[in-house]
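Chain residues, written in single-letter form:
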Amino acid sequence: MLLKIPTILSKNQVQQCRERLYATAWIDGDITAGYQSSKTKNNLQLPEESEACRQLGDTILEALAIHDLFISAALPLKIFPPLFNCYQSGQAFGAHIDNAIRRVPRTPVKVRTDISMTLFLTDPDKYDGGELIIEDTYGSHKVKLAAGDMVLYPSTSLHHVTPVTRGHRLASFFWLQSLVASGEKRRLLFDMDRTIQSLRTHIGDSSEIIQLTGLYHNLLRHWSHT
Ligand code: NI
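Residues numbered from 1 in each chain as written. Predicted model: local features only at pLDDT ≥ 70, side-chain atom pairs only at ≥ 80, totals over all residues. Heavy atoms only, no water.

A.B. asks: I'd like to hear about the side chain of R169, residue by residue, with values.
C.D. replies: Its place among the elements puts R169 in strand β17 (residues 168-178). Side-chain polar atoms of R169 contact the backbone oxygen of G130, separated by 2.7 Å. In this view, R169 contacts N85, C86, Y87, T118, F120, T122, Y127, G130, L132, V161 and V164; residues no more than four positions away in its chain are not counted. (Helix = DSSP H or I, 4+ residues; strand = E, 2+ residues; numbered from the N terminus. Polar contact = N/O pair within 3.5 Å; in protein donor to acceptor, adjacent residues only side chain to side chain. Contact = heavy atoms within 4.5 Å.)

A.B. asks: Any chance you could break down the coordination of the nickel ion for me, citing the residues and the numbers?
C.D. replies: Taken together, the protein ligands of the nickel ion are H96 (NE2), D98 (OD) and H159 (NE2), with distances of 2.1 Å. Expressed as a motif, the donor residue spacing for the nickel ion is H-x1-D-x60-H. One end of the pair, H96, is in strand β7 (residues 92-96); the other, H159, is in strand β15 (residues 159-161), and 63 residues separate them in sequence. Pair check on accessibility: H96 and H159 agree, each one buried. (Donors = N, O, S within 2.8 Å, 3.2 Å for Na, K, Ca; no water. Buried < 20%, exposed > 50% of the residue type's maximum accessible area, 1.4 Å probe, protein only.)

A.B. asks: Could you give me a rundown of the domain arrangement of the protein, with the residues and numbers involved?
C.D. replies: When its domains are assigned, the protein resolves into domain 1 (3-178) and domain 2 (183-223). Summarising the inter-unit geometry, the C-alpha centres of domain 1 and domain 2 are found 30 Å apart. Listed as interface residues are ten residues of domain 1 and, on the opposing side, seven residues of domain 2. Carbon and sulfur atoms supply 60% of the area that domain 1 and domain 2 bury against each other, a total of about 640 Å² over both sides. When residues of domain 1 are sorted by the area they lose upon contact with domain 2, L69, S72 and L75 head the list and together hold 62% of the total. Summed over the shared surface of domain 1 and domain 2, the result is zero salt bridges. Our count for the contact surface shared by domain 1 and domain 2 stands at one residue pair in polar contact (both at pLDDT 80 or more). With five residues, the top contributor of residues to the side of domain 1 that touches domain 2 is helix α4 (residues 68-74). Partitioning the side of domain 1 that touches domain 2 into residue classes produces six nonpolar, two polar and two charged. (Domains from an automatic or database assignment. Buried area = accessible area lost by both parts, 1.4 Å probe. Salt bridge = Lys/Arg side-chain N within 4 Å of Asp/Glu carboxyl O. Nonpolar A, V, L, I, M, F, W, Y, C, P; charged D, E, K, R; others polar.)

A.B. asks: Describe the packing of helix α5 (residues 183-203) against helix α6 (residues 207-223), with residues and values.
C.D. replies: Running from N to C, α5 and α6 point in directions that differ by 160°, and their axes come no closer than 10 Å. The angle between α5 and α6 falls in the class roughly antiparallel. Between α5 and α6 the crossing geometry is left-handed. Taken together, the residues of α6 that come into contact with α5 (itself represented by K185, L188, L189, M192, D193, I196, L199, R200 and I203) are I209, L212, T213, L215, Y216, L219, L220 and W223. (Axes fitted to C-alpha atoms, helices over the stretch in contact; angles between N-to-C directions. Parallel < 35°, antiparallel > 145°, perpendicular 65-115°, else oblique. Left-handed = near helix turned anticlockwise from the far one by under 90°.)

A.B. asks: Talk me through α6; I want residue IDs and the actual numbers.
C.D. replies: An ideal rise of 1.5 Å per residue puts 24 Å on 17 residues; α6 measures up with 24 Å between its terminal C-alpha atoms. Those residues of α6 that sit buried are I209, Y216, L220 and W223. Down the axis, α6 shows its buried residues gathered within 75° of arc, on one side only. Away from its buried face, by an angle of more than 90 degrees, α6 presents the exposed residues S207, I210, Q211, R221 and H222. For α6, the secondary structure elements touched by its buried residues are α5. (Expected span 1.5 Å × (residues − 1). Arc of directions from axis to C-beta.)

A.B. asks: For the pattern of salt bridges, give the residues involved together with the corresponding values.
C.D. replies: Enumeration according to the criterion identifies eight salt bridges in this entry. Ionic pairing is found between D193 and R194, a salt bridge with its closest N-O pair at 3.9 Å. By relative accessible area, D193 is classed as buried at 12%. A salt bridge links D205 to R200; the shortest N-O distance between them is 2.9 Å. Accessibility expressed as a relative area gives 56% for D205, which makes it exposed. Given the relative accessible area of 30%, R200 is considered partly exposed.

A.B. asks: Tell me about helix α1 (residues 11-22), and please be specific about residues and values.
C.D. replies: A rise of 1.5 Å per residue sets the reference length of α1, with its twelve residues, at 16 Å; its end C-alpha atoms lie 16 Å apart and thus fit the reference within 8%. Those residues of α1 not exposed but buried are V14, C17, R18 and L21. The buried residues of α1 all sit within an arc of 100° when viewed along its axis, so they share a single face. Of the exposed residues in α1, the ones pointing more than 90 degrees away from its buried face are N12 and Q16. Tucked into the core, α1 has its buried residues touching α3 (51-65), β6 (83-88) and β17.

Below is the structure:
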């Protein structure tokens, strides 16, 4: 499931984030690429051990921790600390699938990448190109979102970033391991949860909604791994 979530960060937060990013030194983006993808990756990246990377990443994680739509769609178990990149002057990232397992730096924690996320930090009218193109069974999806908005998509998807031919494109990118490994099962749980929430809004709590909520949790108990 490909899902676009608006306003993970407010305009104010995005502005503060950008100012911090402008004031920090960047390195070649090859650093987090696997062997295969390093051949096609051409961008800049914030050093992951830098103070700016940790603090800005925490801002994003705090926003996600209280975001109902994100939690419902992703059912996060472990989130890899957010990274930041910049594309400019024709930089691009060729077609690839993200590495399956990522170890959180300086820890023994391994994260299986079930879901990939990109949080856009530059408004789309400020640069040309830089579309994130994601392939799925329904074809090719072009994603270029407002600053502060995020897309999440299955890490099993082939994807690439088209060359940025004017301006620059700042973004945060990261991955998570879900409580539910199967994308199909996550989709069923997401649809069920959203339907229950909508019913609750329209008709209030009823014994049927309590039963449906119980069913949701029993399915989650059945399908989740911690
Ligand atoms: Ni990727």
